[in-house]
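Observations on chain architecture
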Amino acid sequence: MKSPPIEKMEIDIKEVLKENLVDYHKSPDLTLVVDAQNVQSAMYDLRDHSGLVFSQLIDLCGVDYKDYKAGQYGGRRFAVIYHLLSIKFNKRLRVKCFCPDDDFPLLDSVIDVWPAANWFEREAFDLFGIHFSGHPDLRRLLTDYGFVGHPFRKDFPVSGYVEMRYDAEQARVVYQPVSIEPREIIPRVIREEKYGEKS
């Protein structure tokens, strides 16, 4: 079966999401920006509409837009990007949803729409601190249980807050404040005399 042209699918998406769609970008990969209040209903529509059938969630990831092009996205810092696949029509779709609150980023979980979102949402929570309401088991996935902070946030220090070492006297692993001093690495260019001149 031949897949419909992307233009047909674009019209269907606009029509289906007319009350949920915030922004729309036409690029090699189609990108939709959906309102945070309606993210779950928009995802149901994208999955269940007969002209779209985005039946598979390929990936879900968090993004930190801190200091990105002087507030290009209305000053909102955190977003979640959903990568969807319509197996029926062999089409891919990127859906972007911004968290309305930077201090406590929160979106509705899409586990009811795609169960595969479970670990993806846990990863976004662990690394970016984005919370998903309705998630049945939202806890850290990649970092240690006692880890402080979210390592993929742009304001997280490169060396972290604590370091871990084995203490022979206590015969166990201990945590202590980071002993490494952060330093600025400024690249220097040293040129030879008459560098690049023809002789």
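See above for the structure.
Notes on the structure in this doc start here. Keep in mind the model is a prediction, meaning the values are calculated, not measured. (Residues numbered from 1 in each chain as written. Predicted model: local features only at pLDDT ≥ 70, side-chain atom pairs only at ≥ 80, totals over all residues. Heavy atoms only, no water.)

Some thoughts on the overall build of the protein
A tally of helices and strands in the protein yields 3 helices and 9 strands. Scored against the burial criterion, the 199 residues of the protein give a buried share of 36%. Taking contacts inside the protein between residues at least 6 apart in sequence as the whole, the part at least 24 apart equals 51%. Of the accessible surface of the protein, which amounts to about 13000 Å², a share of 52% is contributed by carbon and sulfur atoms. (Helix = DSSP H or I, 4+ residues; strand = E, 2+ residues; numbered from the N terminus. Buried < 20%, exposed > 50% of the residue type's maximum accessible area, 1.4 Å probe, protein only. Contact = heavy atoms within 4.5 Å. Areas by Shrake-Rupley, 256 points an atom, 1.4 Å probe, with all protein chains shown as cover.)

Focus on the environment of P151
Within the element layout of this structure, P151 appears in the loop between β7 (131-133) and β8 (162-167). On the basis of relative accessibility, which here comes to 24%, the residue P151 falls in the partly exposed class. Once you skip the residues sitting within four places of it in the chain, P151 turns out to touch D126, L127, T143 and F156.

So, a nonpolar patch on the surface
A cluster of nonpolar side chains, V148, Y161, V162, M164, Y166, V173 and Y175, forms an exposed patch at the surface whose accessible area comes to about 760 Å². Of all the secondary structure elements, the ones that give two or more residues to the nonpolar patch are β8 and β9 (172-177). Ranked by residues supplied to the nonpolar patch, first place goes to β8 with 3 residues. Along the chain, Y166 falls in strand β8. (Patch = residues over 30% accessible without salt bridge, like charges linked within 9 Å, V, L, I, M, F, W, Y side chains within 5 Å. Salt bridge = Lys/Arg side-chain N within 4 Å of Asp/Glu carboxyl O.)

Details of the packing of aromatic side chains
For the coordinates displayed, the defined rule picks out 4 aromatic pairs. Between Y65 and Y68 the ring centres are 5.3 Å apart and the planes differ by 65 degrees, which places this aromatic pair in the edge-to-face class. On the basis of relative accessible area, Y68 is assigned to the partly exposed category, the value being 31%. Ring centres of F147 and F156 lie 5.9 Å apart, and the angle between their planes is 25 degrees; this geometry places the pair in the stacked category. The class of F147 is partly exposed, set by a relative accessible area of 30%. For F156, a relative accessible area of 15% gives the class buried. An aromatic cluster is defined as three or more aromatic residues linked by ring pairs; in this entry it consists of Y65, Y68 and F98. (Phe/Tyr/Trp six-rings, centres within 6.5 Å; stacked < 30°, edge-to-face > 60°.)

Description of the pairing of β8
Residues in a regular strand point their side chains to alternate faces of the sheet. Bridge count between β8 and β9: 6 bridges; the pairing is antiparallel. If you follow V162 over to β9, its bridge partner there is P177. Hairpin connection from β8 to β9: 4 residues lie between these consecutive antiparallel strands, with A171 at a positive phi of about 55 degrees. (Pairing = 2+ DSSP bridges.)

Focus: the pairing of strand β4 (residues 78-86)
β4 sits mainly inside the fold: 8 of its 9 residues count as buried. Of the pairings in the sheet, the one linking strand β3 (residues 56-64) to β4 comprises 8 bridges and is antiparallel in character. Bridge pairing in β4 places C61 opposite I81.

Overview of the side chain of R153
When you line up the elements, R153 lands in the loop between β7 and β8. Although R153 lies buried, it forms no salt bridge, and the closest oppositely charged side chain, D155, sits 5.4 Å away as judged by the N-O distance. What R153 contacts, discounting residues up to four positions off in sequence, is D64, R77, F78, P105, L127, F128 and G129. (Lys, Arg positive; Asp, Glu negative; His and termini not counted.)

With respect to helix α3 (residues 117-128)
The end-to-end C-alpha distance of α3 is 16 Å, a good match for the 16 Å that 12 residues give at a rise of 1.5 Å each. On its buried face, α3 is in contact with β3, β4 and β7. Just beyond α3, the residue with positive phi is G129, at close to 80 degrees. (Expected span 1.5 Å × (residues − 1).)

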